[in-house]
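Letter by letter, the chains look like this.
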Amino acid sequence: MAEAADFPGMSPSPARRWLRRTGALLAGAPLLAGLLQLPAHAEAPATAKEASDTGSVAVAVDSLSPAVPTDGDTVTVSGTVTNKGKQAVTEAHVGLSVGSALTTRSAIDDAAKDAKDLDGAYGSEVGGKYVAEFAKLTPGVAEHFSISVPVDKLDLGGDGVYPLGVSLSGETSAQPWERVLGIQRTFLPWQPDGADTATKTTVLWPLVSSVHMTAETGSNAQQTPVFLNEDLAEEIAPGGRLDQLLSLGKDLDVTWVIDPDLLASVDAMTGSYRVRSDGDTTRAGTHQAVAKQWLAELQEAVVDKEVVALPFADPDVASLAHNGTGVTGSLSQLKAATDVAATTVETVLHVTPSTDFAWPVNGAVDPSIVKVATSAGADKVIARSDSLAETGGLSYTPSAARPIGGGTTAVVADARLSKTFEGDLTKASASTLAVQEFLAQSLALNLQTNKQRSIVVAPQRMPTASQAQAMAAAVTALQGGGWSQSQGLSAAAEAKPDGGATTKVPSRSAYSSALRKQELPRSAFEQIAATQDKLDNFKVILADKSRVVTPFGRAMNREMSTSWRGRSTAASTFRQDVQSYLDTLTDQVKLIDKSETKLSGRSATIPVTVQNNLVQGVDHLILRLTSANDTRLEIGGHVYDEQPIEVSGGHSTTVKFTTSANVNGQTTVIAQLYTEDGQKYGDAVTFDVKVTEITATVMLVIGGGVLLLVLAGFRMYTQRKRAAAREAEEADAEETDEAEADGGPVNAGGSEDRTEEESGARSGADDPEQPSDGTTDTAAESAAPSGTGERVDR
């Protein structure tokens, strides 16, 4: 980034270094000649390697307090010195020296690069009692030191950044004279009276993690989620990376930049969840309390703070722009991730986030990235000044906001400030140097002009715990200094841009080749598209689509995550797992295989069974049965027939198709499920149908049997009819006899001189016995006199 012209500071030019070294060589020539005349037994480095080891002492500045001193303060510098050489160092002491103020940001860069250079200028040593003395430094042994000096003893001048040298001086037996054997330079920002115009500084505080949840969920009503591992639990546990970011950030005036997927994942951990174990097994998760505590603290931390929500799972917009736009549906995935972001944050944190910011990796942009980043609704892109570089010739660092056309604003973060906390900061010395360099660059930026500007600091997406600690220390010191004023990201984006600042987005060819190598390939987006197509085909048959659409939709968002950069194998495995699990679910609705079927006739029915092993019902399915040879076998009178299918969860259903055979032989039949929109669903089931002809002999046998049945039935019918007729005649005869016995009418033209006995005798003698007549009810009457008490009818 352009800045004020680089005036000479304490970092010497190459020409000055050459002159200094040449002068030192000339000055030491007489001494060298004298040494050459010493006796052969005098101590001197015997080899080049031994000479190079001489005087190698490592100086580490572990703390500098206060980081930004003011009048009346006492500066305390603590650290260690370690003799890396092979010879002991004697008569040693650690001293402090302050050089002239560095007037440009590039001078600070140069001083940071030469922080351990013994040849660099480092000013006059404060000396006196403000030193730490060591009688002897044994090789390989680290010795602690601490020096406290009143700030007025440092002889600081006006406002500015002063190089502070912490050096170890001593002598060895090989070179028995005092010289500087090791040095560590750092920076001392000095502005005791505060700035006339404060710089408005926005610090982004990212809560972003890698992918932790799978697409798998339990079959229960709660759909218990399944996690890849316990890494997230470790990050949010006390002392973990995300726990540190939360604990440190809640006391700072920063803008929280949050991946909603992180919130959704931690929220899922607050209830029942499972974790993948060995093989395909899972085990119950046990970190619910940790998840609840972390979310509760975060909810409290973001109250009245600005929260920016990235699209769900932090999609890699650069990869999408370079490799995914040619794949149908890829931009729709970004839109879906953006749409769900605000809802997720509001549900979990109970705050309304800003969702109109896109953040490409490292703030690197080109026209295609800007186009894709804004396609889902964002109108602000967080860039970085080493990508959208300043070419306008300004003598100062301009404000972050830049209109780049199409209603889009590029919010350009300062590269120097943003990159300060990269690298390994686990050692206290590295962390201290990073803090002091950050403060030095910030003060130097403020001193460039009296014009107020808005500056943005966008650190790496996923800082380590040690990096987060250094960031927090720097921001705390910055917010306590007199030249900076905190500001939110939205305010920085809306600030009036500098008229001379660069607004031209660099070409695609200018995009970093190192970053391009880490991008998701086109094949990744093609696999995502294939998974989406299968999901679209699956969801139309489901009674409760949300059980599948939501977990798989979020899983596909995760497949595009920026966190996969540099982890291509893990990314590919995750995509394959999502697709395989979807295949497993779709295969739960299928046709049951059939063996060869025989038809012994011109027409018959063929049963086909559909099985649903899902926990929910399916419908909107069509089962089609097709004949491969309709001249031999027709189904429903045509080449194929269809029937709608609806199956409850955990059940199966069988449907029957009517067929008609035209000729004998074997025909292949294909059963296939379709969705209502005509898309094939699942694998087809193919089986053979064998039609057997009915011969004439068989027909005669069958016909004869039918005729016999008819004749037998006719005979039974006639017999029953005759029996009924006889019964009717006998009934009529009995009625006639009864009438005559009761004194019915006499025969026409006859006399009445026949007695009753005569008539009865004649009747009994003349009428033959009928087959149907039964035995008499009483015995024949006796002619003997009646007994005593016996009644005689008359």
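Residues numbered from 1 in each chain as written. Predicted model: local features only at pLDDT ≥ 70, side-chain atom pairs only at ≥ 80, totals over all residues. Heavy atoms only, no water.

**What to know about the nonpolar core**
To keep things clear, this is the line we draw: By nonpolar core is meant a set of buried Ala, Val, Leu, Ile, Met, Phe, Trp, Tyr and Cys residues that side-chain atoms within 4.5 Å join together. Burial here depends on accessible area, computed with a 1.4 Å probe over protein chains only, as a share of the maximum for the residue type. Under 20% is buried, over 50% is exposed, and the range in between is partly exposed. We call two residues in contact whenever any of their non-hydrogen atoms come within 4.5 Å of each other.
With 65 residues, the main nonpolar core has Leu207, Trp256, Trp294, Leu298, Leu349 and Leu439 as its most contacted residues. What Leu349 contacts, discounting residues up to four positions off in sequence, is Ile258, Leu263, Leu298, Gln299 and Val302. Ranked by size, the runner-up nonpolar core spans 62 residues in total, among them Ala321, Ile541, Phe552 and Val691.

**Looking at a nonpolar patch on the surface**
This is how it is decided: Each patch is built from residues that are more than 30% exposed by relative accessible area and take part in no salt bridge. Like charges join if they lie within 9 Å; nonpolar side chains (Val, Leu, Ile, Met, Phe, Trp, Tyr) join within 5 Å. In these tables, accessible area is a Shrake-Rupley quantity obtained with a 1.4 Å probe, and a residue counts as shielded only by the protein chains included in the view. By definition here, a salt bridge exists when the distance from a side-chain nitrogen of Lys or Arg to a carboxyl oxygen of Asp or Glu is within 4 Å. Under the scheme used here, helices are H or I runs from DSSP no shorter than 4 residues and strands are E runs no shorter than 2 residues, and both carry numbers assigned from the N terminus.
Side chains of Leu707, Leu708, Val710 and Leu711 sit close together on the surface and give an oily, nonpolar patch of about 410 Å² of accessible area. In this fold, Leu707 is placed in helix α20 (residues 696–741).

**A closer look at helix α17 (residues 522–539)**
Note the cut-off: Expected helix span is computed as 1.5 Å times (number of residues minus one).
Compared with the 26 Å implied by 1.5 Å per residue over 18 residues, the 26 Å span of α17 between its first and last C-alpha is a close match. Ala524, Phe525, Gln527, Ile528, Ala529, Thr531, Leu535, Asn537 and Phe538 are the residues of α17 that are buried. Those residues of α17 hidden inside the fold are in contact with α9 (317–324), α10 (330–349), α18 (546–559), α19 (568–586), β29 (665–675) and β30 (680–691).

**Remarks on α9**
Counting buried residues along α9, 7 of its 8 residues qualify, which places the element largely inside the surrounding structure. Among all positions of α9, only Val317, Ala318, Ser319, Leu320, Ala321, His322 and Gly324 are buried. Residues of α9 that are buried sit in contact with α10, α11 (367–373), α16 (513–517) and α17.

**Quick word on the environment of Val131**
Mapped onto the elements, Val131 comes out in strand β5 (residues 131–137). Residues Val131 and Val149 lie 18 residues apart in sequence; the distance between their C-alpha atoms is 9.2 Å. Among residues more than four places away in sequence, those in contact with Val131 are His93, Val94, Gly95, Glu125 and Ile147.

**With respect to the confidence of the model for the chain**
Defined as follows: By definition, pLDDT measures how confident the predictor is in each residue, and it falls between 0 and 100.
In the predicted model, the chain carries a mean pLDDT of 85, and the fraction of residues at 70 or more is 83%. Here residues 1–55 scores under 50 on pLDDT; set against residues more than four positions off or in separate chains, the count is 58 contacts. For residues 743–794, every residue scores under 50 in pLDDT, and the model assigns this stretch 9 contacts once sequence neighbours within four places are set aside.

**Here we look at the packing of helix α13 (residues 428–446) against helix α14 (residues 465–480)**
Our working definition: The convention used is that axes are lines fitted to C-alpha atoms, helices contributing only their stretch in contact, and that angles between N-to-C directions extend from 0 to 180 degrees. Should the near helix be turned counterclockwise from the far one by less than a right angle, the crossing is left-handed, whereas a clockwise turn marks it as right-handed. Residue classes follow a fixed rule: Ala, Val, Leu, Ile, Met, Phe, Trp, Tyr, Cys and Pro count as nonpolar, while Asp, Glu, Lys and Arg count as charged, and any other residue, Gly among them, counts as polar.
Direction vectors running N to C along α13 and α14 enclose 35°, while the axes themselves pass 9 Å from each other. At the point where α13 passes α14, the crossing takes the right-handed sense. Facing α13, whose interface residues are Ser431, Val435, Phe438, Leu439 and Ser442, α14 presents Ala470, Ala473, Ala474, Ala477 and Leu478. Residues that form the contact of α13 with α14 fall into these classes: 8 nonpolar, 2 polar and no charged.

**Brief notes about the pairing of strand β25 (residues 618–627)**
How we decide: Strands were regarded as paired on the criterion that DSSP finds at least two bridges between them.
Summarising burial for β25: 7 of the 10 residues are buried, a large majority. Pairing analysis gives 7 bridges linking β25 to strand β27 (residues 640–647), with the strands arranged antiparallel. The residue bridging Leu621 from the neighbouring strand is Ile645, located in β27. Across 7 bridges, β25 lies against β29 in antiparallel orientation. Each bridged residue has a counterpart across the sheet, and for Leu625 the counterpart in β29 is Ala671.

**What about the side chain of Asn446?**
Heads up, the rule is: We define a polar contact as two N or O atoms separated by no more than 3.5 Å, with the added condition that, inside protein, one atom must be a possible hydrogen donor and the other a possible acceptor, whereas residues neighbouring each other in sequence contribute only through side-chain atom pairs.
Within the secondary structure, Asn446 sits in helix α13. On the basis of relative accessible area, Asn446 is assigned to the buried category, the value being 5%. Engagement of the side chain of Asn446 in a polar contact is seen with the side chain of Thr199, the distance being 3.0 Å. A polar contact of 3.3 Å, which involves the side chain of Asn446, links it to the backbone oxygen of Trp483. If we skip the residues at most four places from it in the chain, Asn446 touches Gln191, Ala195, Thr197, Ala198, Thr199, Arg453 and Trp483.

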